[in-house]
Amino acid sequence: MSGDSADQTADISQEERARYARHLSLPELGIEGQRHLKAASVLCVGSGGLGSPLLLYLAAAGVGRIGIVDFDVVDHSNLQRQVIHGTSSVGEDKVVSARARINDLNPFCRVDTYNTRITPTNALELFRPYDLICDGTDNFPSRYLINDACVLLGKPCIYGSVQGFEGQVSVFNLTASSPDYRDLVPEPPPPGLVPSCAQGGVLGVMPGLIGLLQATEAIKVITGIGQPLDGRLLVVDGLAMRFREFRLQPIPERPVIDRLIDYEAFCGASGVGSVPEDMEGMDSVSVQELKQRLDAGEALVLVDVRNPPEAEVAVIPGAELIPLATIESGEAVERIRALSADKPLFVHCKLGGRSAKAVQALAGHGIRAINVEGGIDAWSQQIDPGVPRY
């Protein structure tokens, strides 16, 4: 990207020279590298855990035009890792909060905001004006969509992902012979196999570390310095503080990407926590109905099928914690059978998806259970705001 795509004549003012003095002192970067940064345009999809350090350091480095795609609003649970936002921004659109922080950090950056969800309908239009795309998302449908749109448009993609104490970074589609995300993950994993950050948790500094590595790769690609992670996957273990590198090559027999598809269907996900199609029509109640039964003193059993660390964050009083994995393995079935021998059985999780799976698994053992729609998240929003959302 240090060639024709950058404006070689981008003017660097005296004020900018003072701002970027540490860059200008680097022989590998210098004034020409800073001109490339000023002439570059980068689109970041997501302004959350990964997007926060990405956006901050691209702006601080002097990238001339930065685009932000995000449809979410700032929540208190974001602040543990999404450091571009602050407490005063809670309830505000993330793109608005991020833009204000960037404008304060570096007024020489032009910031474009797109308060929308990325879809197969708008992805190509959103990506086309930018030189480089940074993936700051946290789900498989978005990653495949971003990848395929970059391939179709010939745009490099800076990839990053985080889970728990681990993260990954790579540069996809840098050249016509470079690997892309489909060479790393040819097929999406079965829904529910890989827990979300909300389910599995994430150490707050890990998105910061991975996002900084993504920003480093973006700067290298823009300025043409160093060796980008093209054909290389960097895997970071935060607990051991170990960095490992794996070679990544294009899969010769992989189908050609010639169009954008329905990525939710491709990944078998109609939405995080949604009830799978083959489970629709099962017995269910709303959180309001559950609250009415509890207030009436009805003798019932409420089982929480989330993971123990989630229960450390928030609980519905009186619920029995029995993780979904122990139900699907059969380990907890007899315990549940005993608990619900003469009482109606209600099952909840965070959003309703895992509890629906539990209802189906218990039915296979002859145990009737009722799914609580919306889970503890709906309980927090509609019944008891004192229960933390996460």
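What comes next is a walk through the structure. What you see is a predicted model; the values in this text were computed from it and never measured.

Comments concerning the pairing of strand β7 (residues 232-237)
Moving on, step 1. Taking burial as the measure, the 6 residues of β7 include 6 buried ones, the bulk of the element.
Moving on, step 2. Burial along β7 is two-sided: the residues Arg 232, Leu 234 and Val 236 and Leu 233, Val 235 and Asp 237 are all buried.
Moving on, step 3. Alignment of strand β6 (residues 166-172) against β7, held across 4 bridges, turns out to be antiparallel. For Val 169, the partnering residue across the bridge sits in β7 and is Leu 234.

Digging into the packing of helix α4 (residues 51-61) against helix α10 (residues 205-223)
Moving on, step 1. α10 packs onto α4 with a crossing angle of 40° between their chain directions and a minimal axis gap of 8 Å. What the angle tells us is that α4 and α10 run oblique. For the crossing formed where α4 meets α10, the hand is right-handed. Across from Pro 53, Leu 54, Tyr 57, Leu 58 and Ala 61 in α4, the residues of α10 making contact are Pro 207, Gly 208, Gly 211, Leu 212, Gln 214, Ala 215, Ala 218 and Ile 219.
Moving on, step 2. Its residues assigned to classes, the contact of α4 with α10 comprises 10 nonpolar, 3 polar and no charged.

Concerning unusual backbone geometry
Moving on, step 1. A positive phi angle, close to 60°, is found at Asn 173, a residue other than glycine.
Moving on, step 2. Position of Asn 173 among the secondary structure elements: in the loop between β6 and α8 (181-184).
Moving on, step 3. With a phi angle near 50°, Met 241 is a residue other than glycine that sits in the positive phi range.
Moving on, step 4. When you line up the elements, Met 241 lands in the loop between β7 and β8 (242-247).

Quick notes on the environment of Gly 297
Moving on, step 1. Tracing the backbone through its elements, the reader meets Gly 297 in the loop between α12 (287-295) and β10 (301-304).
Moving on, step 2. Residue Gly 297 is classed as exposed on the basis of its relative accessible area, which comes to 57%.
Moving on, step 3. Taking the C-alpha atoms as reference points, Gly 297 and Val 333, 36 residues apart in sequence, are found 26 Å from one another.

Here's the deal with the packing of aromatic side chains
Moving on, step 1. This structure, assessed with the given rule, holds 6 aromatic pairs.
Moving on, step 2. For the ring pair Tyr 114 and Tyr 130, a centre distance of 6.5 Å and an interplane angle of 85° mean the geometry is edge-to-face. Placement of Tyr 114 in strand β3 (residues 110-114) and of Tyr 130 in the loop between α6 (123-127) and β4 (132-135) is noted, with a sequence separation of 16 residues between them.
Moving on, step 3. Residues Tyr 144 and Tyr 181 carry aromatic rings whose centres are separated by 5.0 Å and whose planes lie at 70° to one another, so their mutual orientation is edge-to-face. Note that Tyr 144 is positioned in helix α7 (residues 140-153) and Tyr 181 in helix α8, a separation of 37 residues in sequence.
Moving on, step 4. When its relative accessible area of 0% is taken as the criterion, Tyr 144 is described as buried.
Moving on, step 5. An aromatic cluster is present here, built from Tyr 144, Tyr 159, Phe 172, Tyr 181 and Phe 266 joined pairwise through their rings.

Some remarks on the pattern of salt bridges
Moving on, step 1. As enumerated under the stated definition, the model contains 18 salt bridges in all.
Moving on, step 2. Residue Asp 112 is joined to Arg 65 by a salt bridge in which the shortest nitrogen-to-oxygen separation is 2.5 Å. Note that Asp 112 is positioned in strand β3 and Arg 65 in strand β2 (residues 65-69), a separation of 47 residues in sequence. By the burial criterion, Asp 112 is buried, and Arg 65 matches it.

Definitions and cut-offs
Residues numbered from 1 in each chain as written. Predicted model: local features only at pLDDT ≥ 70, side-chain atom pairs only at ≥ 80, totals over all residues. Heavy atoms only, no water. Buried < 20%, exposed > 50% of the residue type's maximum accessible area, 1.4 Å probe, protein only. Helix = DSSP H or I, 4+ residues; strand = E, 2+ residues; numbered from the N terminus. Pairing = 2+ DSSP bridges. Axes fitted to C-alpha atoms, helices over the stretch in contact; angles between N-to-C directions. Parallel < 35°, antiparallel > 145°, perpendicular 65-115°, else oblique. Left-handed = near helix turned anticlockwise from the far one by under 90°. Contact = heavy atoms within 4.5 Å. Nonpolar A, V, L, I, M, F, W, Y, C, P; charged D, E, K, R; others polar. Phe/Tyr/Trp six-rings, centres within 6.5 Å; stacked < 30°, edge-to-face > 60°. Salt bridge = Lys/Arg side-chain N within 4 Å of Asp/Glu carboxyl O.

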